[in-house]
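Chain by chain, the residues run as shown.
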Amino acid sequence: MNIKRNIIFTLESRKKNNVLVTDNIPIRMRVIYGGTRIDFSTGYRIDTSKWEADKQRIKNGCTNKLKQSASEINADLLKYYTDIQEIFKAFEVADITPTPEQLKSTFNKKCRKNISDETEPTISKAPFMNVFDEFLKECGTQNNWTDSTYEKFAAVKTHLTNFNSNLTFEVLDDSN
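Residues numbered from 1 in each chain as written. Predicted model: local features only at pLDDT ≥ 70, side-chain atom pairs only at ≥ 80, totals over all residues. Heavy atoms only, no water.

A. Quick peek at the packing of aromatic side chains. On inspection of all chains with the given rule, the structure shows 8 aromatic pairs. A ring pair is formed by Tyr-80 and Phe-107, whose centres lie 5.8 Å apart and whose planes are at 65 degrees; its orientation type is edge-to-face. Taken together, the residues Tyr-80 in helix 1 (residues 70-93) and Phe-107 in helix 2 (residues 100-111) connect sequence positions 27 residues apart. Exposure class is identical for Tyr-80 and Phe-107. Each is buried. Every member of this aromatic cluster is reached through a ring pair, and the members are Phe-132, Phe-135, Trp-145, Tyr-150 and Phe-153. (Phe/Tyr/Trp six-rings, centres within 6.5 Å; stacked < 30°, edge-to-face > 60°. Helix = DSSP H or I, 4+ residues; strand = E, 2+ residues; numbered from the N terminus. Buried < 20%, exposed > 50% of the residue type's maximum accessible area, 1.4 Å probe, protein only.)

Shown next, in the form of structure tokens:
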């Protein structure tokens with residue numbers, strides 16, 4: 001069996017106030033097969049001026065906002081391409097056309113190194129405020145948050161601390 005497919009890397013098209021955003025744009029891997037289109041997040045972002053659309057790669061010598069180099073990101077994009085091709089080959093050998101869910105699940109298990117169901121995620125063992133601070137740091141950097149956005153999250157953190165100064169993930173559930 002041969003599954004005809006097309007795998008491309010593109011920048012997401014986003015608008016803010018009806019103006020096309022050109023800074024810090026997510027890079028996605030788009031897989032098209034059997035009339036199905038699936039977009040996978042690569043976890044990387046880049047400015048449009050640093051992206052070579054015809055090569056589907058970042059321009060040599062460029063870095064993104066997190067100071068990740070073009071060679072590092074391009075190597076991972078190539079790994080994702082190779083991994084998705086291997087996944088398709090395995091389905092072809094088994095004479096199965098994967099559903100979008102099967103393809104996503106298999107890719108995530110292979111590339112994202114998902115934690116198995118038996119293992120508890122380490123994030124739940126960390127104090128909530130440590131994880132909250134890490135979230136602020138990473139998302140703020142990735143999304144170029146303004147000072148007012150940081151101030152809003154500082155207010156949220158104050159409210160959470162006033163609610164419970166030793167807040168844990170276990171306390172946060174639907175019963176409250």
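B. Spotlight on the pattern of salt bridges. Under the defined criterion, the tally for this structure stands at 10 salt bridges. Between Asp-47 and Lys-65 there is a salt bridge whose closest N-O contact spans 3.7 Å. Note that Asp-47 is positioned in the loop between strand 5 (36-46) and strand 6 (51-52) and Lys-65 in the loop between strand 7 (57-58) and helix 1, a separation of 18 residues in sequence. The salt bridge involving Glu-52 is made with Lys-55; its shortest N-O contact spans 3.9 Å. Taking the relative accessible area as the measure of exposure, Lys-55 reaches 53% and is therefore exposed. One salt-bridge network, in which partners are shared between bridges, spans Arg-5, Lys-89 and Glu-92. (Salt bridge = Lys/Arg side-chain N within 4 Å of Asp/Glu carboxyl O.)

C. A look at the nonpolar core. Ranked by size, the top nonpolar core spans 27 residues in total, and within it Ile-27, Met-29, Val-31, Ile-84 and Leu-103 carry the most contacts. Those elements giving two or more residues to this core turn out to be strand 1 (5-11), strand 4 (25-33), strand 5, helix 1 and helix 2. A per-element tally of this core places helix 1 first, with 8 residues. With 7 residues, the next largest nonpolar core counts Phe-128, Leu-136, Trp-145 and Leu-167 among its residues. (Core = buried A, V, L, I, M, F, W, Y, C linked by side-chain atoms within 4.5 Å.)

D. Representation of the environment of Gln-85 in the model. Its place among the elements puts Gln-85 in helix 1. Residues Gln-85 and Arg-5 lie 80 residues apart in sequence; the distance between their C-alpha atoms is 9.2 Å. Excluding its chain neighbours within four sequence positions, the residues that come into contact with Gln-85 are Arg-5 and Ile-7. Side-chain polar atoms of Gln-85 contact the side chain of Arg-5, separated by 2.7 Å. (Contact = heavy atoms within 4.5 Å. Polar contact = N/O pair within 3.5 Å; in protein donor to acceptor, adjacent residues only side chain to side chain.)

E. Just the side chain of Glu-92, in detail. One can find Glu-92 in helix 1. Within polar-contact distance, the side chain of Glu-92 engages the side chain of Arg-5 at 2.8 Å. Not counting residues up to four positions away in its chain, the partners in contact with Glu-92 are Met-1, Asn-2, Ile-3 and Arg-5.

F. Quick look at the side chain of Arg-28. With respect to the helices and strands, the residue Arg-28 is situated in strand 4. By relative accessible area, Arg-28 is classed as buried at 16%. If sequence neighbours within four positions are ignored, Arg-28 has contacts with Ile-8, Phe-9, Thr-10, Leu-11, Glu-12, Asp-39, Phe-40 and Thr-42.

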